[in-house]
Amino acid sequence: MLIGNNVKIQNNVSVYDNVTLEDDVFCGPSMVFTNVYNPRSAVSRKDEYRDTLVKQGATLGANCTIICGATVGRFAFVAAGAVVNRDVPDFALVVGVPARKVGWMSRFGEQLDLPLNGAGEARCIHTGEVYRLVNGVCSLADA
């Protein structure tokens, strides 16, 4: 377990072995990490722990679940109650069970006016930062 700087871990959250939280991650109340993909009470599987990585600035909403082995991208936003069972791209907004991409978020936490796939450009109304979507990959234009 590695926890970066300025990480907010709210009530009822357990951070297990093999979970890495980079700087500025927000873990909402009662959200859940797992570390064994197919647990059994009578079978010891500590040698099967899968790594989970939550990258800088990501938000994990209340009561969401991150299944071990997934990577949550930079500044991604996992909605309350979502179940993440695969990697989440940088800046993606994911919702539901299983989690699916429904939009894009700025570093400020504002939803961006971008298509889910393809290409486009949007500006965060709070910071003025420009985001570009190229071939379905969202990135900060100035970076």
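Nothing here was measured: the structure is a model prediction, and the numbers come from that model.

Rules and cut-offs
- Residues numbered from 1 in each chain as written.
- Predicted model: local features only at pLDDT ≥ 70, side-chain atom pairs only at ≥ 80, totals over all residues.
- Heavy atoms only, no water.
- Pairing = 2+ DSSP bridges.
- Helix = DSSP H or I, 4+ residues; strand = E, 2+ residues; numbered from the N terminus.
- Phe/Tyr/Trp six-rings, centres within 6.5 Å; stacked < 30°, edge-to-face > 60°.
- Buried < 20%, exposed > 50% of the residue type's maximum accessible area, 1.4 Å probe, protein only.

A separate point is the pairing of strand E15 (residues 120-123). In this structure, E15 lies alongside strand E16 (residues 130-134), joined through four bridges in antiparallel fashion. Looking across to E16, one finds that Gly120 is bridged to Leu133.

What follows covers the sheet that holds strand E8 (residues 65-66). Here we have three strands laid out as an open sheet, ordered E5-E8-E11, and parallel in their pairing. A single partner strand is all that each edge strand has here, and the edge strands are strand E5 (32-33) and strand E11 (83-84). Sheet topology note: the E5/E8 ladder contains two bridges and is parallel. Bridging across to E8, Phe33 finds its partner in Ile66.

Turning our attention to the packing of aromatic side chains. When we look at a pair of aromatic rings, we describe it by the centre distance and by the angle of the planes. Under the counting rule described, the total for this entry stands at two aromatic pairs. Centre to centre, the rings of Phe75 and Phe91 are 5.8 Å apart; their planes meet at 15 degrees, and the pair counts as stacked. Taken together, the residues span a long stretch of sequence, with Phe75 in the loop between strand E9 (71-72) and strand E10 (77-78) and Phe91 in the loop between E11 and strand E12 (92-95) at a distance of 16 residues. Given a relative accessible area of 11%, Phe75 falls into the buried group. Among the residues examined, Phe91 registers a relative accessible area of 2% and is labelled buried. Arranged with centres 5.3 Å apart and planes meeting at 75 degrees, the rings of Phe91 and Tyr131 form a pair that is edge-to-face. In this pair, Phe91 sits in the loop between E11 and E12 while Tyr131 sits in strand E16, placing the two residues 40 residues apart along the sequence.

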